[in-house]
Amino acid sequence: MARPQQELVTFTLDGREVTAPQNMMLADAALEYGDVEIPVFCYEKKLGPPVGACRMCLVEIEGIPKLQAGCSVPVKDGMVVHTNTPRVREAQQAVLEFILINHPLDCPVCDKGGECPLQDKSFGWGDGISRFVDPKRHFEKPLALSPLIAIDRERCILCYRCVRFSQDVSEDYQLILQERGAGTYVATFDGHPYVAPFSGNIIELCPVGALTSRPYRFRARPWDIEQSGSVCTLCPAQCNVSFTVRDERVLRVLQRDHEGVDDGWLCDKGRFAYQAIHVDERVTRPLLRDGGELRPVSWELALDTAAAALKRAGARTGAIVGGETTSEEGWLLQRLMREALGSADLDSRAGGALDLELHRALGAPALQAAVPDLQYADAVLVLDVEPIDDAPVLDLRIRKGVRHGGVRLHVATSRPSALDERAAAAVRFAPGAGGALLCALDAALSRAGDLDGAAAAAGVDPQDVRAVADGLEGDVVILWGERLTHGPGGAEAARALLNVAARLGLAGREGAGLIEIPAGTNGRGLREAGVLPNAGPGLGAAPAEGRDAPAIAAGAAAGELTALYLLHADPLTDLPGRETWGAALEQAATVIAHAGFLTEGVREHATVVFPAESYAEKEGTIVHPDGRIQRLRRAIGRQGDTRGEWSVLAELARRLGTDTGVRAPSMATAKMIAEIPFYAGLSLDEIGARGVRWTERPQAFAFPEAPAGPFGLASPQAAPAANGRLRLGTFRSIWASPEVEASPALKFLHPRQRVELSPADAERLGVAHGARVAVAGDGGSVTGIAHVRAAAPAGTVFLETAIPRDSAAILDGPLVEVWPA
Amino acid sequence: MTDILLLEGIDEPGLATIEGYERRGGYQALRKALRMPQADLVDQLKVSGLRGRGGAGFSMGMKASFLPQGDMQKYVVVNADESEPGTFKDRELMQKNPHQLIEGIVIAAYAVGATKSFIYIRGEYEHQADVLDAAIAEAYARGYLGESVLGSGVTCELHLHRGAGAYICGEETGLLDSLEGKRGNPRLKPPFPANQGLFQGPTLINNVETLSTVPHIVTMGAEEYARIGVQNSSGTKLVSVSGNVRRPGNYEIELGMRSRDIIYGLAGGPPEGRDVKLWFPGGSSSPVLTKDDLDLSYDFDTLAKAGTMLGSGAIIVVDDSNSVVDVCHKLAKFYAHESCGKCTPCREGTSWTVKMVGRIKDGTATPMDLDIMASVQDHIIGNCLCVLGDAMAMPVASMIAKFRGEFEAQIEAARERREQAFLTGVGA
């Protein structure tokens, strides 16, 4: 579907001529182009087409005898609108009177009081007097709609925005209206709690105090708080947020509507995990291992110890950089490593190095689609990524495209996806066989090559691959997961992906392209800042090629590396190869970690721990998967003794004899930008509050070129034969993060091991849904709760990674055994 | 006044079976219609002047002509959710002559190019649903329904769907939502069903009586049909007369008959010694008329001019043994109960009105409440999403306007009764 055309029309609004895009709803056009507010309650553009339920927006349009709902009348050329005649005023007053007759006047104790649209509208358009003397409607209140949301049905004005969100936006279909007439109330179908990945959005949608955040309830009034805009760094979707701050504490997170990023929605992790900023478990002072235990020490001692240890290790230092690291921190770290220590052993990718040429080809600006393209494309291919877990807010964007834009959606993943129900076709390939699937797709698109062989290697039906290939017409956006390029087959998978992109003609095509969802939030920014073993800043050639993450683990385990620097990374939970990493951390003489929480690897092995800033405390930039450079702003003072991590990195470099010249976070930004040719000329001011897609700037031409295919592809290796065992697939749940575990309100969502099986395998193994099962691989065994999924492919079992206990990282695939525990 | 079309031979045994219907010449109109070009059929419907019999009185031919041409999936939906208090004409038509309706549906579906049709029947009409189910099966067996109706190549599928007992599902868009399996709430219009109706497809939605009339128009010819009745109100109409009359029931009249002749002539008027106090000319949602209005011609335009409407043709007669406040209370309670709750003025206005009338009855109202009541009705009328709010507000407003004296007297009487009861209670 093409993007909406912006044809302008002129209409008369209260005697003035106003020009606005044709067919824009009158309420929007009046506000945006005519500076006249037509009051609304039920109308919310983000929810889709208007429903005209609250009747608050009644206005007079010449030539139409009845008053019209301004929310649902598209503006037309020559239309004459009156919003302030006695007749309109009376009708609006009347609707407000109707709304208020059953609304309790408990504003002084209501969370919404002071930031309440109903209050504002009552002041602006109400009569100020109620003629209603009868008893109001009563409900039991407040009730827990879920552990996160309280519902006060007496305050509800039945605009049913929340119900529409649940049905038409998140499509979880949990909220409904029960009963009818004045007895109508919002509920879930069978009274179960409304638990869903995006449930918190209804709190912000509610125009009254009927839906309130339980963690925020009674914590502050609007006059106690300040709003501070920044970006959520809990996943690669990088939603724009606004922190509600009271007394240097973050009390709430609200959306900061950005059409190019989040479309104004947040997932519940982004909305509620702020609680982890203010918990006792957080590391807020430097720690030093002393007699086997981590003890708080002074900054001076911690820095001295770290600097001395690094000096001893010198080039025998390896560094792992986690996704929540800002580009500046990554850039400083690579200077610390390369210049101060002379080591090139640093990596921000978990799955092993990829050829620099391939990094360049995949990251080329001409090939990058933007987030809104997901909504306006003709076809979207979701490839080896589960948006709901890996970049949740994009799940909503894709659904919106399918629902309103007629996007043809194809899903190609190992594990059944939440988007399957909306997909024209879904293909299930064997875990790790994404490259083979792409080979097959390449063959189908080019009508050459061994489609059947590649499909067999991927474990899919060639017909299904053909169906996907046939559906990829017009503007195609491929949303793919970084894991596709992990492991030994990663390079071949990358080449196959480039082939597919070339066959589809995605390069340079407006509204089409690739979007890579990296494994970590700022995966893209870190690569561009030079946090790769084989690339410097700007994806330039590195002076010396170093070890990638698996090689660093092996090197440390073998005693070749003696110091490990973990910048926001815990290899034991975040990276594959847990056994090697265990040995590496054990062997290393020094392990320096920047950490917010003492996760297993840090707790057991770190010798020095520097407290990590939370994202509400950080200054710096991160890069969105679609190339948008976004700015983190400090919302609160650093907690405890935490220092700016840029300064820790700069200080260590200084003590090791390298003056980075960075004296303030903005200097780090400026110096980094100066080293990245395709960022040239950028400034924090230009990045501003909405970010800048560097791929759209003229300077993008400076991005290093690389051959983009088509390449000749080797026949992919077949997925391992199961031999009575099951293939192991892994996934990282949206809720698998230390922030979720540490947030009191979200803790209930923190996952335990869930073993996903197909019904056929479950029956064969005698495993019942909900029963405890054991899973054993070469590396060890774990137990978990069996989850029988009808859509799961037979022969494969899926387990969670990145959880503290029973993580799939303990197992070593590719084949595992499962039995009832 | 000898034109009996819809109710002709209605009580003949076996009429509900296909043999009985065919014996009376049934399905001949369909054969004739299938030989006519579709556009001619729609024209015929326009020329006949047939206006919708469900309540709104919109020209059926016009409505049919609004459906877009083209190959998209179109639908005919029959509104058999006869829920308006006082209305029971469709029940008799479906129960006693189901094939007349089916024939009308097939003709209409052919005319507008719809291949799928649905009858949405109110849940309480269990027996009628059984009769229709049997009739539909018969019609399929005889080839009047199916992939190729009577071998003509015209496809017409017909399904019966039972409602679950909500008045709002008689509102056409609420009906469509309900038929789609959703909560039966009215939709925002436009788009109108003719463009985007059932499952977003162009949909012709008509009342049972309207579609039952179609075969007669085809048989006798539109011009002939248009000669029945008066200007702008052609044809015959079923009226359901109920309330305080001696012979309640369905009567088929020629539009333009004098109202007094219906109420007194056909239905026998109120019992001995009683007089008409007020009457609803077109179902409980029509503004009330008084005994002074009995000489009005019973047709669409005359009643509209008198500030009310012909509606579904349900005449409810209230004699002078009744209190207008009771009538008002019952009526308001019905609509408050049936309001779907989607739009504010209807949801809140109906329940507020019930509370206010309730206070008149229990002696806690003041004459000022009457002004508030009248103003609340004003605020409902024309401001709602659908017409359900108006359906309460218009008759209530008309009762307050026409019987204000009685309201005031009852406020005072109830207040005194309450005072007395209180004084007795405290032993004064």
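Residues numbered from 1 in each chain as written. Chains lettered and ligands numbered in written order. Predicted model: local features only at pLDDT ≥ 70, side-chain atom pairs only at ≥ 80, totals over all residues.

Draft legend 1. Just the overall build of chain A, in detail. Along the backbone of chain A there are 26 helices and 36 strands. Taken over the C-alpha trace, chain A has a radius of gyration of 28 Å; the compact-globule value for 821 residues is 28 Å, and the two agree within 12%. By its C-alpha atoms, chain A is 85 × 65 × 60 Å across when sized along the principal axes. Relative to its full complement of 821 residues, chain A shows a buried share of 59%. (Helix = DSSP H or I, 4+ residues; strand = E, 2+ residues; numbered from the N terminus. Rg over C-alpha atoms; globule rule 2.2 N^0.38 Å. Buried ≥ 20, exposed ≤ 12 C-beta atoms within 10 Å, placed from the backbone.)

Draft legend 2. Representation of the overall build of chain B within the structure. The helix and strand tally for chain B stands at 17 helices and 13 strands. Against the 2.2 N^0.38 benchmark of 22 Å for 428 residues, chain B shows a C-alpha radius of gyration of 23 Å, consistent with a compact globule. For chain B, the spread of C-alpha atoms along the three principal axes comes to 85 × 45 × 35 Å. The burial tally for chain B puts 56% of its 428 residues in the buried class. The contacts in chain B between residues at least 6 apart in sequence include a share of 71% that link residues at least 24 apart. (Contact = placed C-beta atoms within 7 Å.)

Draft legend 3. Focus on helix α12 (residues 392–405) of chain A. All names here are of chain A. In a regular helix each residue adds 1.5 Å, so 14 residues correspond to 20 Å; α12 covers 20 Å between its end C-alpha atoms and thus fits that length. With 11 of 14 residues buried, α12 is to be regarded as a mostly interior element. Where α12 is concerned, the buried positions are P392, V393, L394, D395, L396, R397, I398, R399, K400, G401 and V402. Where the residues of α12 are buried, they touch α4 (161–169), α10 (373–376), β18 (379–383), α11 (387–390), β19 (408–413) and β21 (476–481). Phi turns positive one or two residues past the end of α12, at G406, with a value near 70 degrees. (Expected span 1.5 Å × (residues − 1).)

Draft legend 4. Structural context of the nonpolar core. Judged by nonpolar contacts, the single largest core of 382 residues is most densely connected at A440 and L479 of chain A. Top element by residues in this core is helix α6 (residues 98–112) of chain B. It accounts for 10 residues. Excluding its chain neighbours within four sequence positions, the residues that come into contact with L479 of chain A are L374, V380, V382, L383, V385, L394, I515 and I517 of chain A. (Core = buried A, V, L, I, M, F, W, Y, C linked by C-beta atoms within 7 Å.)

Draft legend 5. Local environment of the interface of chain A and chain B. Counting residues at the interface gives 26 residues for chain A, matched by 23 residues for chain B. Class assignment for the residues of the side of chain A that touches chain B results in 16 nonpolar, 5 polar and 5 charged. (Nonpolar A, V, L, I, M, F, W, Y, C, P; charged D, E, K, R; others polar.)

Draft legend 6. The arrangement of the environment of A493 of chain A in detail. Residue and element names in this part refer to chain A. The residue A493 is located in helix α16 (residues 490–503) in this model. Assessed through the 29 C-beta atoms surrounding it within 10 Å, A493 is described here as buried. Along the primary structure A493 and C439 are separated by 54 residues, whereas in three dimensions their C-alpha atoms are 7.7 Å apart. Apart from residues no more than four positions distant in its own chain, A493 is found in contact with G434, G435, L438, L484 and T485.

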